Amino acid sequence: MKIGPGLLLAGLVAAAAALTPAPARAAQTHDCTDGCYIITCNLEVCAVWRCDDLGCRLLNTFYRNFEDISPNRAGKRAAPVAADIAHARVCPADKPCELYELSVEGAVHLGSFDNVGDVLEDRRALRR
């Protein structure tokens with residue numbers, strides 16, 4: 001008789017996970033509902049973005065510093081790592097989330113969505 005309540009509890013947990021609001025499930029986005037700063041870089045330039053309920057705005061750009069004082073074991077300097085694309089979401093109460101894709105080249109407003117995770121998966125598939 002203990003199997004029945006265990007299966008019921010497992011079913012309730014699965015249903016709760018499926019019904020969790022999309023912003024809570026969205027992976028690899030920055031929650032900018034209360035405002036945030038995001039830095040994106042390519043191999044030469046970095047950009048500083050401010051995202052909030054007014055959207056995402058470019059604040060400043062600067063050249064990357066390529067000087068690395070610690071060479072790797074082969075005596076060569078490591079190549080810089082570039083985080084070239086970031087995603088920001090602004091989720092006002094009782095409204096769909098506004099989703100932005102940020103890069104050094106600009107900010108793209110992707111639209112208003114209930115399920116941000118699905119949109120991000122589609123965007124990643126387009127870039128591949």
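These remarks concern the structure in this document.

So, how was this worked out
Residues numbered from 1 in each chain as written. Predicted model: local features only at pLDDT ≥ 70, side-chain atom pairs only at ≥ 80, totals over all residues. Heavy atoms only, no water. Helix = DSSP H or I, 4+ residues; strand = E, 2+ residues; numbered from the N terminus. Buried < 20%, exposed > 50% of the residue type's maximum accessible area, 1.4 Å probe, protein only. Contact = heavy atoms within 4.5 Å. Areas by Shrake-Rupley, 256 points an atom, 1.4 Å probe, with all protein chains shown as cover. Polar contact = N/O pair within 3.5 Å; in protein donor to acceptor, adjacent residues only side chain to side chain. Salt bridge = Lys/Arg side-chain N within 4 Å of Asp/Glu carboxyl O. Core = buried A, V, L, I, M, F, W, Y, C linked by side-chain atoms within 4.5 Å. Pairing = 2+ DSSP bridges.

For the rest of this paragraph, the subject is the overall build of the protein chain. When you go through the protein chain residue by residue, the secondary structure sums to three helices and seven strands. N-terminal to C-terminal, the α/β element order of the protein chain is α-α-β-β-β-β-β-β-β-α. Here the protein chain holds 128 residues, and the buried ones make up 30% of them. The long-range share in the protein chain, meaning contacts at least 24 apart out of those at least 6 apart in sequence, stands at 37%. Per element, the accessible surface of the protein chain, about 9000 Å² overall, is 58% carbon and sulfur.

Locating Ser103 in the fold gives a position in strand S6 (residues 97–103). In this structure Ser103 touches Thr40, Trp49, Asp84 and Ile85, once residues within four positions along its chain are discounted.

The next thing to look at is the environment of Glu105. Mapped onto the elements of the fold, Glu105 is located in the loop between S6 and strand S7 (106–113). Of the residues examined, Glu105 reaches a relative accessible area of 67% and is grouped as exposed. Separated by 58 residues in sequence, Glu105 and Ala47 have C-alpha atoms that sit 8.6 Å apart. Engagement of the side chain of Glu105 in a polar contact is seen with the side chain of Ser103, the distance being 3.2 Å.

What follows deals with the environment of Arg57. Position of Arg57 among the secondary structure elements: in strand S4 (residues 55–63). Taking relative accessible area as the criterion, Arg57 reaches 33% and is therefore assigned partly exposed. With 20 residues separating them in the primary sequence, Arg57 and Tyr37 have C-alpha atoms 9.7 Å apart. In this structure Arg57 touches Val48, Trp49, Arg50 and Asp52, once residues within four positions along its chain are discounted.

Looking now at the pattern of salt bridges. Going through the model one piece at a time under the given rule, you end up with three salt bridges. Here Asp52 ties to Arg50 by a salt bridge, and the two come within 3.5 Å at their closest N and O atoms. Exposure remark for Asp52: the relative accessible area of 11% places this residue in the buried category. The closest approach of N and O atoms between Glu101 and Arg123, which form a salt bridge, is 2.6 Å. Of this pair, Glu101 sits in strand S6 while Arg123 sits in helix H3 (residues 116–127), and the two are 22 residues apart along the sequence. Overall, the relative accessible area of 9% leaves Glu101 in the buried class. The exposure class of Arg123 is partly exposed, given its relative accessible area of 25%.

Our next topic: the nonpolar core. Counting twelve residues, the largest nonpolar core consists of Cys32, Cys36, Ile38, Ala47, Trp49, Cys51, Cys56, Ala86, Ala88, Val90, Tyr100 and Leu102. Elements with a minimum of two residues in this core: strand S2 (36–41), strand S3 (45–52), strand S5 (86–90) and S6. Cys32 has contacts with Ile38, Cys51, Asp52, Ala88, Arg89 and Val90, leaving out every residue within four places of it along the chain. If you look at the next biggest cluster of nonpolar residues, it comprises seven residues, including Cys91, Leu110, Val116 and Leu120.

Now for the sheet that holds S5. Sheet strands pair by backbone hydrogen bonding; their relative direction is either parallel or antiparallel. The mixed open sheet is built from four strands, whose spatial order is S1-S5-S6-S7. With one partner strand each, in any of the chains shown, strand S1 (30–31) and S7 form the two edges of the open sheet. Pairing analysis gives five bridges linking S5 to S6, with the strands arranged antiparallel. Counted as the bridge partner of Ala88 is Tyr100 from S6.

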